[in-house]
Amino acid sequence: MLPDFELSCSLFEQSGLTLTSEMYAKFSTYAEFLVEYNKNVNLTAITEPEEILVKHFIDSVLLCKYAEIPQNSTLIDVGTGAGFPSVPLKIYRPDIKLTLLDSLNKRITFLKLLCEKLEIEAEFIHGRAEDISRMTEYREKFDFATARAVANMSLLSELCIPFVKPGGSFIAMKGPSEDVSLGYNAVKILGGEVLSEIPYTLADEERRLIHVKKISQTPSKYPRNSSQIKKKLL
Ligand code: SAM
């Protein structure tokens, strides 16, 4: 289901990453299960083997090349969908303590089955980020929050920053088209500071990681409920 091991290794190497045979076996299982499950449940538009490898797996793993994630960090992936970026990251960095959050239960069901197949430990949360981050057990409890392709920078900051401990980081994975600076006031209001915008190229596409450091607690009135968020962005 994936390109063969040799080609897969060389695609990883082109992005400055190393692929072991153990990782390759897990990525193969992931790709196979994703494509099979996707026939009945909409998870991804990407189903070609090389595209899955590059646009889902390598893209996800690049996060830990460009942002330093210390050993045994806790990480919540907000709007994880079919597990991107955090499940490939966990295959590459098994020490990361993973929490997967999505508002669609059919995606959480897929992720539970997937992680069982991959023998990956994770916590699964079905719910909306703006509700879950108000719960004491999840508020400001994570070293990292990540998100790819979920919302614009302002909305995404309100969904993700409340989960991060002061001193931790929120990392947004972005394509080329959005003016992310429109969300930087929201970052500040929520207790964050933009540390860096890291550009990279993947499959001839320009992409960016926005690395936000949490420098102070998020004021208790955030996140607002979803109807307030929809009415007016921060
Ligand atoms: N991150 C994945 C990726 O890069 O392939 C999935 C992206 S998909 C376009 C957006 C996902 O975010 C969906 O699975 C959706 O259910 C979830 N989502 C959207 N708003 C959310 C919210 N407020 N709280 C939790 N999940 C949300």
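What counts, and where the lines are drawn
- Residues numbered from 1 in each chain as written.
- Predicted model: local features only at pLDDT ≥ 70, side-chain atom pairs only at ≥ 80, totals over all residues.
- Heavy atoms only, no water.
- Near = heavy atom within 4 Å.
- Polar contact = N/O pair within 3.5 Å; in protein donor to acceptor, adjacent residues only side chain to side chain.
- Areas by Shrake-Rupley, 256 points an atom, 1.4 Å probe, with all protein chains shown as cover.
- Nonpolar A, V, L, I, M, F, W, Y, C, P; charged D, E, K, R; others polar.
- Axes fitted to C-alpha atoms, helices over the stretch in contact; angles between N-to-C directions.
- Helix = DSSP H or I, 4+ residues; strand = E, 2+ residues; numbered from the N terminus.
- Parallel < 35°, antiparallel > 145°, perpendicular 65-115°, else oblique.
- Left-handed = near helix turned anticlockwise from the far one by under 90°.
- Contact = heavy atoms within 4.5 Å.
- Core = buried A, V, L, I, M, F, W, Y, C linked by side-chain atoms within 4.5 Å.
- Buried < 20%, exposed > 50% of the residue type's maximum accessible area, 1.4 Å probe, protein only.

Here we take up the site of the ligand. Surrounding the ligand, one finds 16 residues, the nearest of these being Gly79, Phe84, Asp102, Arg107 and Arg148. One nitrogen or oxygen atom from the side chain of Asp102 is found 2.6 Å from an oxygen atom belonging to the ligand. Note that a nitrogen atom of the ligand is positioned 2.9 Å from one of the side-chain N or O atoms of Glu130. The protein chains hide 79% of the 600 Å² of surface that the ligand would expose on its own. Within the shell around the ligand, the residues separate by chemical class into 6 nonpolar, 5 polar and 5 charged.

A word on the packing of helix H2 (residues 21-37) against helix H3 (residues 49-66). Between two packed helices, the angle of one axis relative to the other and the distance separating the axes together describe the packing. Between H2 and H3, the least distance of the axes is 12 Å, while the angle of their chain directions is 125°. Considered as vectors, H2 and H3 are oriented oblique to each other. Of the two possible hands of crossing, H2 and H3 adopt the one that is right-handed. Facing H2, whose interface residues are Phe27, Tyr30, Ala31, Leu34 and Val35, H3 presents Ile52, His56, Phe57 and Val61. By residue class, the composition of the contact of H2 with H3 is 8 nonpolar, 1 polar and no charged.

With that out of the way, let us pick up the nonpolar core. Core analysis: the biggest nonpolar cluster contains 53 residues, and Phe27, Phe57, Ile58, Val87 and Phe110 have the highest contact counts within it. At the level of secondary structure, the elements contributing two or more residues to this core comprise helix H1 (5-14), H2, H3, helix H4 (86-92), strand S2 (97-102), helix H5 (105-118), strand S5 (164-174) and strand S6 (192-202). In this view, Phe57 contacts Leu2, Phe27, Tyr30, Ala31, Ile52, Phe84 and Pro88; residues no more than four positions away in its chain are not counted. With 28 residues, the next largest nonpolar core counts Leu101, Ile125, Tyr138 and Leu159 among its residues.

This part covers the environment of Ser86. Its place among the elements puts Ser86 in helix H4. In sequence terms Ser86 and Glu178 are 92 residues apart; their C-alpha atoms lie 22 Å from each other. In this structure Ser86 touches Leu75, Asp77, Thr80, Leu98 and Leu100, once residues within four positions along its chain are discounted. At 2.8 Å, the side chain of Ser86 and the side chain of Asp77 are in polar contact.

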